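# Breakdown of the fold
So the chains spell out like this:
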Amino acid sequence: MIPAEKTVPRRTKVEIRGLHMTFRTDESEVRVLEDIDLDVREGEFVCILGPSGCGKSTLLNIVAGFLPPTAGGVRIDGSVVRGPDPRRIFVFQERGVFPWLTVEGNIGFGLGAMSREERERRVAHYVALVGLDGFENAYPHELSGGMKQRVEVARALAVNPDVLYLDEPFGALDSITRLVMRSELLRIWHAERKTILFVTHDIEESVQLADRVVVMSARPARIRRIVDIDLAHPRDLSSRRYLELRDGIFEEIGLAHRI
Amino acid sequence: MSSRRGETVLLPLGAGALLILAWHLAVRWTGTSVFPSPLSVGRGIVDLARKGTLGRYSWDSLRRVAWGYGLALTLGIPIGALLGWRAGAARAVNPVIQFLRPISPLAWIPVAIVLFGVKDAAAIFLIFLASLFPIVVATANGVRGVPSMYSNAGRNFGLSGYRLLSRVVLPAALPEILTGLRIALGVAWIVVVAAEMIAVDSGLGYLVIDSRNAGKRYDLVVAAMLTIGIIGLLLNSLVQRVSRLRAVRWGFREES
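Residues numbered from 1 in each chain as written. Chains lettered and ligands numbered in written order. Predicted model: local features only at pLDDT ≥ 70, side-chain atom pairs only at ≥ 80, totals over all residues.

### Notes on the overall build of chain A
Each helix and strand counted, chain A has seven helices and 10 strands in total. Taking 18 Å as the expected radius of gyration for a compact globule of 259 residues, we find that chain A reaches 19 Å, a close match to that expectation. The proportion of buried residues among the 259 residues of chain A is 41%. Contacts in chain A between residues far apart in sequence, at least 24 positions, make up 69% of those at least 6 positions apart. (Helix = DSSP H or I, 4+ residues; strand = E, 2+ residues; numbered from the N terminus. Rg over C-alpha atoms; globule rule 2.2 N^0.38 Å. Buried ≥ 20, exposed ≤ 12 C-beta atoms within 10 Å, placed from the backbone. Contact = placed C-beta atoms within 7 Å.)

### Thoughts on the interface of chain A and chain B
Opposite the 17 residues of chain A that make contact, chain B presents 16 residues. Taken together, the residues of the side of chain A that touches chain B break down into 13 nonpolar, three polar and one charged. (Nonpolar A, V, L, I, M, F, W, Y, C, P; charged D, E, K, R; others polar.)

### Remarks on the environment of Leu-157 of chain A
Residues and elements named next belong to chain A. Within the fold, Leu-157 resides in helix α4 (residues 145-158). We classify Leu-157 as buried; it has 23 C-beta atoms within 10 Å. Between the alpha carbons of Leu-157 and Leu-101 there is a distance of 17 Å; along the sequence they are 56 residues apart. Once residues within four sequence positions are removed from consideration, Leu-157 is found in contact with Tyr-126, Ile-188 and Glu-192.

### Quick look at helix α7 (residues 240-253) of chain A
Residues and elements named next belong to chain A. For α7, spanning 14 residues, the distance from its first C-alpha to its last is 20 Å, which sits close to the expected 20 Å at 1.5 Å a residue. Restricting attention to buried positions, one finds in α7 the residues Leu-245, Arg-246 and Ile-249. All buried residues of α7 project into a common sector of 95 degrees when viewed along the axis, lining one side. Exposed and facing more than 90 degrees away from the buried side of α7 are Arg-240, Glu-244 and Glu-251. Looking at the buried positions of α7, the neighbouring elements they touch are α6 (203-209), β9 (212-216) and β10 (223-228). A positive phi of about 85 degrees marks Gly-254, the residue just after α7. (Expected span 1.5 Å × (residues − 1). Arc of directions from axis to C-beta.)

### Details of the pairing of strand β7 (residues 163-167) of chain A
All names here are of chain A. A large share of β7 lies buried, amounting to five of its five residues. Here β7 shows two buried faces, one formed by Val-163, Tyr-165 and Asp-167 and the other by Leu-164 and Leu-166. Sheet topology note: the strand β6 (residues 88-91)/β7 ladder contains four bridges and is parallel. Bridge pairing in β7 links Arg-88 to Val-163. Inspection of the sheet shows β7 paired to strand β8 (residues 195-200) by five bridges, in the parallel sense. (Pairing = 2+ DSSP bridges.)

### Quick word on unusual backbone geometry
Residues and elements named next belong to chain A. A cis amide bond links Arg-219 to the next residue, Pro-220, at an omega of -10 degrees. Assignment of secondary structure puts Pro-220 in the loop between β9 and β10. The omega angle of the peptide bond from His-233 to Pro-234 is -5 degrees, so this bond is cis rather than trans. Within the secondary structure, Pro-234 sits in the loop between β10 and α7. Residues other than glycine seldom take positive phi values, yet Asp-35 does so here, at roughly 50 degrees. Relative to the assigned elements, Asp-35 resides in strand β2 (residues 29-41).

### Observations regarding the packing of helix α8 (residues 161-198) of chain B against helix α9 (residues 204-213) of chain B
Residues and elements named next belong to chain B. As a packed pair, α8 and α9 sit with axes 6 Å apart at the nearest point and diverge in direction by 50 degrees. As the angle between them shows, α8 and α9 are arranged oblique. Crossing geometry of α8 relative to α9 is assigned as right-handed. Taken together, the residues of α9 that come into contact with α8 (itself represented by Val-192, Val-193, Ala-194, Ala-195, Glu-196 and Met-197) are Leu-204, Gly-205, Tyr-206, Val-208 and Ile-209. Considering only residue class, the contact of α8 with α9 consists of nine nonpolar, one polar and one charged. (Axes fitted to C-alpha atoms, helices over the stretch in contact; angles between N-to-C directions. Parallel < 35°, antiparallel > 145°, perpendicular 65-115°, else oblique. Left-handed = near helix turned anticlockwise from the far one by under 90°.)

### A word on the nonpolar core
Core analysis: the largest hydrophobic core is formed by 135 residues, its most contacted members being Val-63 of chain A together with Leu-126, Ile-127 and Ala-188 of chain B. With 20 residues, α8 of chain B is the largest single contributor of residues to this core. (Core = buried A, V, L, I, M, F, W, Y, C linked by C-beta atoms within 7 Å.)

### Observations concerning the sheet that holds strand β4 (residues 71-76) of chain A
Residue and element names in this part refer to chain A. Overall, antiparallel pairing links the four strands, which are arranged β2-β1-β4-β5 in an open sheet. Looking at the sheet topology across the chains shown, the edges are occupied by β2 and β5 (79-80). Looking at chain direction, β4 and β5 are connected through two bridges and run antiparallel. Opposite Ile-76, over in β5, you have Ser-79 as the bridge partner. Relative to strand β1 (residues 12-24), helix α1 (residues 56-63) is tilted by about 120 degrees, and along the sheet it contacts β1, β2 and β4.

### With respect to the confidence of the model for chain A
In regions of low pLDDT, the predicted coordinates are not meant to be interpreted in detail. Per-residue pLDDT for chain A has a mean of 88; in total, 94% of the residues score no lower than 70. Contacts for the low-pLDDT stretch residues 1-5 of chain A, under 50 throughout, to residues beyond four places or in other chains number four contacts. (pLDDT = per-residue confidence, 0-100.)

Okay, structure coming up:
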């Protein structure tokens with residue numbers, strides 16, 4: 001596939017329409033998502049930003065097909081999402097690598113239908129892409145948090161999905177590893193041209209990564225604003241425009257930018 | 001490393017030696033004519049080994065355990081997996097399991113004899129029953145406790161039904177299943193001795209009861225007991241070795 005130019009208006013990949021989500025138990029009813037409308041274009045990197053517990057993970061789980069919404073729906077490439085699909089892989093915030101498989105076993109997990117040579121070739125490619133050469137036969141419990149996250153990203157990429165859903169993937173990493181992983185993710189995104197939906201509660205992270213930041217309100221979550229991040233990569237984190245965009249979102253969320 | 005080894009090997013050996021010494025002194029000081037000294041038990045073991053009784057009876061006991069435990073394993077893991085996987089099945093069967101579980105396997109001895117006679121099958125049936133419950137319960141708990149992100153990840157890669165179970169759910173539950181298997185093997189080894197005292201006429205349990213009945217040979221009784229203990233220890237360390245395999249060790253981290 002030829003990567004689309006950024007200037008060319010790209011077609012809509014993910015279409016979220018009138019989405020509502022309410023969790024009901026016997027005694028109570030919790031409204032989590034209200035009236036979410038969002039279009040994500042093919043190859044776009046969209047961050048969904050909101051306070052902890054606002055329902056942004058729920059939104060991602062619905063888009064990925066793990067949860068049916070109370071009302072409204074999601075279409076991808078024009079067809080309604082009814083369940084999870086290998087063309088769209090979810091990367092879990094709790095580090096969902098399989099602890100009983102080696103790095104190779106994890107990365108090759110979704111490649112069961114392939115011939116052995118093809119699978120080995122693909123696994124080797126993605127091991128190299130995420131910089132895990134030499135660790136092919138290591139088990140996850142022998143790896144650091146950042147390396148496990150790389151394994152999970154590689155496992156997702158190996159099945160060549162069109163869309164990646166990332167649910168606070170770097171939340172559990174230390175701040176230095178987090179920065180490294182962000183630039184790695186951008187590098188991979190440039191190389192592989194996936195559509196990415198990335199959930200985070202970290203304003204800086206969203207402005208560093210995304211083409212557009214979808215700012216959510218507290219529960220029940222609605223979309224407050226969608227901010228275009230008109231900065232080319234690699235982004236200068238001390239440029240005026242970067243700081244302007246970042247502070248704009250800080251204000252939007254109602255946080256004083258002082259401690 | 002070497003001092004660690006010293007602690008794990010020498011200390012227990014020292015404790016064992018002290019225990020045997022205490023036993024020896026206790027027999028001497030009380031002047032008992034019934035309870036054997038360590039030395040006569042040692043002679044008893046050598047005696048039994050020479051006659052071939054010890055080997056043959058150990059083999060008989062192990063064979064029964066292998067059958068009963070093997071059957072419990074082949075039936076218990078699928079049953080447990082089903083109960084953990086399907087909430088409806090668990091709701092239906094759980095009360096029955098909870099009702100049967102507190103009944104000691106030994107209470108089944110008369111039933112086993114009625115069903116199978118004084119034969120191998122009776123002992124095997126008892127071992128099967130005794131080891132079935134820990135395996136079923138551990139497998140069901142393990143499968144039920146698999147974090148949803150693992151099964152969601154499996155579904156995301158296109159797996160469902162049996163393939164999801166075999167490639168994601170069972171491997172994720174394996175550490176807990178292994179714990180159940182280890183408990184079950186310990187129980188099986190306890191039950192085989194009891195079963196052999198009543199339901200058959202060979203094996204280490206039979207050796208205990210026969211040595212007592214045929215001439216009050218308490219040296220042989222204790223010799224049989226020691227053999228039972230040693231084999232039990234070996235069986236346990238065998239299962240523990242399985243838990244150290246790299247593919248399951250992640251689930252036992254608090255133990256290592």
